[in-house]
Amino acid sequence: MMNILEQVGIENYITLSALLFCIGAFGLLYRRNAIIMFMSIEIMLNAVNLLLVAFSSYHEDPSGQVFVFFTMAVAAAEVAVGLAILVSVFRNIGNIDIDNLKNLKG
């Protein structure tokens, strides 16, 4: 039985990861909603994680997969803190538009 990486090819993983990263970067740069921006950052992070796992499997070294595990744990904590901040901002301002957050400078 062939390895899935041999069937699909490392080039396809690189292409998919680059496409996902570009979609995330586009969403981060052109959308002004904070939740969409968080989702775009997560898409970019998942693109990097996909590439790390693909290269780790390609080189038969599990250290990349371990690094992805810790990265996902940190990303989950980042999302929890970010959403808590957004809920707090929504309670004070009434919306979560990034342009309105510029008024919070003190």
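Structure first, text after, so check above.
Below, the structure is looked at part by part. (Residues numbered from 1 in each chain as written. Predicted model: local features only at pLDDT ≥ 70, side-chain atom pairs only at ≥ 80, totals over all residues. Heavy atoms only, no water.)

A look at the overall build of the protein
To be explicit about the condition: Secondary structure elements are defined from DSSP: runs of H or I of at least 4 residues count as helices, runs of E of at least 2 residues count as strands, and each element is numbered from the N terminus. Radius of gyration: over C-alpha atoms. The globule rule applied is 2.2 Å multiplied by the number of residues raised to the 0.38 power. Note on classification: 1.4 Å probe, protein chains only; a residue is buried when its accessible area is under 20% of the maximum for its type, exposed when over 50%, partly exposed between these limits. Contacts are assigned to residue pairs that have any heavy atoms within 4.5 Å of one another. Using a 1.4 Å probe, accessible areas were evaluated by the Shrake-Rupley method; residue-level cover was limited to the displayed protein chains. Here Asp and Glu are counted as negative and Lys and Arg as positive; His is not counted, and neither are the chain ends. For this purpose, a charge sits on NZ of Lys, CZ of Arg, CG of Asp or CD of Glu.
Across its full length, the protein holds 5 helices and 0 strands. Going from N to C terminus, the protein has its helices and strands arranged as α-α-α-α-α. Taken over C-alpha atoms, the radius of gyration comes to 18 Å for the protein, far larger than the 13 Å a tight globule of 106 residues would show. A total of 106 residues make up the protein; the buried ones form 24% of that total. In the protein, once contacts between residues fewer than 6 apart in sequence are set aside, the share between residues at least 24 apart is 53%. Total accessible area on the protein stands at roughly 7,500 Å², and carbon and sulfur atoms take up 69% of it. Taken as two groups, the 5 positive and 8 negative side-chain charges of the protein have centres that lie 24 Å from each other.

Here we look at the environment of Gln 65
By secondary structure assignment, the location of Gln 65 is in helix H4 (residues 63-93). For the pair Gln 65 and Leu 50, spaced 15 residues apart in sequence, the C-alpha separation works out to 9.5 Å.

Some remarks on the packing of helix H3 (residues 34-58) against H4
The test is simple: Axis definition: a line fit to C-alpha positions, over the contact stretch in the case of helices; interaxial angles, taken between N-to-C directions, run 0 to 180 degrees. Roughly parallel means an angle under 35 degrees; roughly antiparallel means over 145; roughly perpendicular covers 65 to 115; every other angle is labelled oblique. As a working rule, the residues Ala, Val, Leu, Ile, Met, Phe, Trp, Tyr, Cys and Pro are called nonpolar, Asp, Glu, Lys and Arg charged, and the rest polar, with Gly in that last group.
The geometry of H3 relative to H4 is characterised by a closest axis approach of 9 Å and an angle of 175° between their N-to-C directions. Between H3 and H4, the interaxial angle falls into the category roughly antiparallel. Together, Ala 34, Ile 35, Phe 38, Glu 42, Leu 45, Asn 49, Leu 52, Val 53, Ser 56 and Ser 57 of H3 and Ser 63, Gly 64, Gln 65, Phe 67, Val 68, Thr 71, Met 72, Ala 75, Glu 78, Val 79, Gly 82 and Leu 86 of H4 make up the contact between the two elements. In terms of residue class, the contact of H3 with H4 is built from 12 nonpolar, 8 polar and 2 charged.

Observations regarding a nonpolar patch on the surface
Quick reminder of the rule: What goes into a patch is any residue over 30% in relative accessible area without a salt bridge, connected to like charges within 9 Å or, for nonpolar side chains (Val, Leu, Ile, Met, Phe, Trp, Tyr), within 5 Å. The salt bridge criterion pairs a side-chain nitrogen of Lys or Arg with a carboxyl oxygen of Asp or Glu, the two atoms within 4 Å.
Together, Leu 16, Leu 19, Ile 23 and Ile 43 make up an exposed nonpolar region whose accessible area comes to about 340 Å². Looking at the nonpolar patch, the element that brings in the most residues is helix H2 (residues 10-30), giving 3 residues. Its location among the elements puts Ile 43 in helix H3. Looking at Ile 43, the relative accessible area reads 32%, which means it is partly exposed.

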